[in-house]
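# Chain and residue survey
Each chain, written out:
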Amino acid sequence: MAGTPHLRRPDASHVRQQWDTVVDNALHLDRAAAEQLVDALDDDLSGLYILFNQVRKHGWIAEGAEFEQVAAFLRDAADRLAAVTDALAVRVHALGGVPVCGPMGIRQHAPLRIEAAHGYDVRSSLDRDLDGYATLVVQFREHVALANRLGDAGTTKLLRRQLRTLEADADALAKLLANDTLVDADAPDVD
């Protein structure tokens, strides 16, 4: 990727650790276990990045009678996704890894597909957001089991705590998508 103009490459003398490597960690967790967990958390981080950007976009372009409520929820949800991302990225570093970032790393680990750049109606936008949350909830549950199996109580606890945040926001999205909410743009006006 040397010819990639958008990729900034500082002098190699400044690199402390190559991305996609795991070194001994201060947690004294076996390196093989740490490598598995860093890989799993990079999957989670990639999904969080994608969902964060999608949720932010949907908040920016929300329209309709309930747009203020929807936009406010999506702004707050994006803030929570950013906080979850930060917590997991710090854990990756503690495990001896370098957190995934940038489009190439995210694509390598992405559990979600990136939404096309178009603007969509609020109901289908929120439906895709809910699908993203559901994908991450399932993945987080699998990674809780992995961390537990590998004997990393700290990562297990962190993922469980963050999982509750994702589940709460998914539940709120499901309520927004209930049949009696969100005005259908195609519905005839009744005066």
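See the structure above.
Described below are features of the structure shown in this document.

Conventions used here
Residues numbered from 1 in each chain as written. Predicted model: local features only at pLDDT ≥ 70, side-chain atom pairs only at ≥ 80, totals over all residues. Heavy atoms only, no water. Helix = DSSP H or I, 4+ residues; strand = E, 2+ residues; numbered from the N terminus. Contact = heavy atoms within 4.5 Å. Areas by Shrake-Rupley, 256 points an atom, 1.4 Å probe, with all protein chains shown as cover. Phe/Tyr/Trp six-rings, centres within 6.5 Å; stacked < 30°, edge-to-face > 60°. Lys NZ or Arg CZ within 6 Å of the ring centre and 35° of its normal. Buried < 20%, exposed > 50% of the residue type's maximum accessible area, 1.4 Å probe, protein only. Lys, Arg positive; Asp, Glu negative; His and termini not counted. Salt bridge = Lys/Arg side-chain N within 4 Å of Asp/Glu carboxyl O. Polar contact = N/O pair within 3.5 Å; in protein donor to acceptor, adjacent residues only side chain to side chain. Core = buried A, V, L, I, M, F, W, Y, C linked by side-chain atoms within 4.5 Å. Axes fitted to C-alpha atoms, helices over the stretch in contact; angles between N-to-C directions. Parallel < 35°, antiparallel > 145°, perpendicular 65-115°, else oblique. Left-handed = near helix turned anticlockwise from the far one by under 90°. Nonpolar A, V, L, I, M, F, W, Y, C, P; charged D, E, K, R; others polar.

### With respect to the overall build of the protein chain
Summing up its helical and strand segments, the protein chain has five helices and zero strands in all. For the protein chain, the sequential pattern of α-helices and β-strands runs α-α-α-α-α. For the protein chain, restricting intrachain contacts to residue pairs at least 6 apart in sequence, the fraction spanning at least 24 positions comes to 81%. Element-wise, carbon and sulfur atoms account for 53% of the exposed surface of the protein chain, whose accessible area totals about 11300 Å².

### Quick word on the packing of aromatic side chains
For the structure on display, the rule yields zero aromatic pairs. Cation over ring: Arg128 sits above Tyr120, and NZ or CZ is 4.2 Å from the ring centre.

### Observations regarding the side chain of Asp44
Structurally, Asp44 can be placed in helix H1 (residues 31-61). No salt bridge is formed by the buried Asp44; the nearest opposite charge belongs to Arg91, separated by 11 Å. Here the side chain of Asp44 touches Gln139 through a polar contact of 2.6 Å, side chain to side chain. Residue contacts for Asp44: discarding those within four places in its chain leaves Leu88, Leu136, Gln139, Phe140, His143 and Leu159.

### A few points about the environment of Arg123
Structurally, the position occupied by Arg123 is in helix H4 (residues 122-149). Distance from Arg123 to Ala62, taken between C-alpha atoms, is 9.6 Å for residues 61 residues apart in sequence.

### Examining the nonpolar core
The biggest cluster of nonpolar side chains holds 47 residues, and the ones touching the most others in it are Leu48, Val55, Leu88, Leu126, Tyr133, Phe140 and Leu166. If sequence neighbours within four positions are ignored, Leu88 has contacts with Leu41, Asp44, Leu45, Leu48, Phe140, Leu158, Leu159 and Gln162.

### Examining the pattern of salt bridges
Summed over all chains, the structure comprises seven salt bridges. Two residues, Asp169 and Arg80, come together in a salt bridge whose shortest N-O distance is 2.9 Å. In this pair, Asp169 is assigned in helix H5 (residues 153-176) and Arg80 in helix H2 (residues 67-94), connecting sequence segments 89 residues apart. According to the relative accessible area criterion, Asp169 is buried, its value standing at 6%. On the basis of relative accessible area, Arg80 is assigned to the partly exposed category, the value being 30%. For Lys175, the salt bridge is made with Asp171, and the minimal N-O distance between the two is 3.2 Å. Taken together, the residues span about one helical turn, with Lys175 and Asp171 both in helix H5 at a distance of four residues.

### So, the packing of H2 against H4
When two helices pack together, you describe them by how their axes are tilted relative to each other and by the distance separating the axes. Running from N to C, H2 and H4 cross one another at 25°; their axes reach a closest spacing of 13 Å. Judged on the interaxial angle alone, H4 and H2 are roughly parallel. Two packed elements cross with a definite hand, and for H2 against H4 that hand is left-handed. Of the residues in H4, those touching H2 at Val70, Leu74, Ala77, Leu81, Val84 and Leu88 are Val122, Leu126, Asp129, Tyr133 and Phe140. In terms of residue class, the contact of H2 with H4 is made up of 10 nonpolar, no polar and one charged.

### Describing the environment of Ala78
For Ala78, the location among the structural elements is in helix H2. Spatially, the C-alpha atom of Ala78 lies 9.9 Å from that of Tyr49, the residues being 29 residues apart in sequence. Excluding residues within four positions of it along the chain, Ala78 makes contact with Phe52, Val55 and Arg56.

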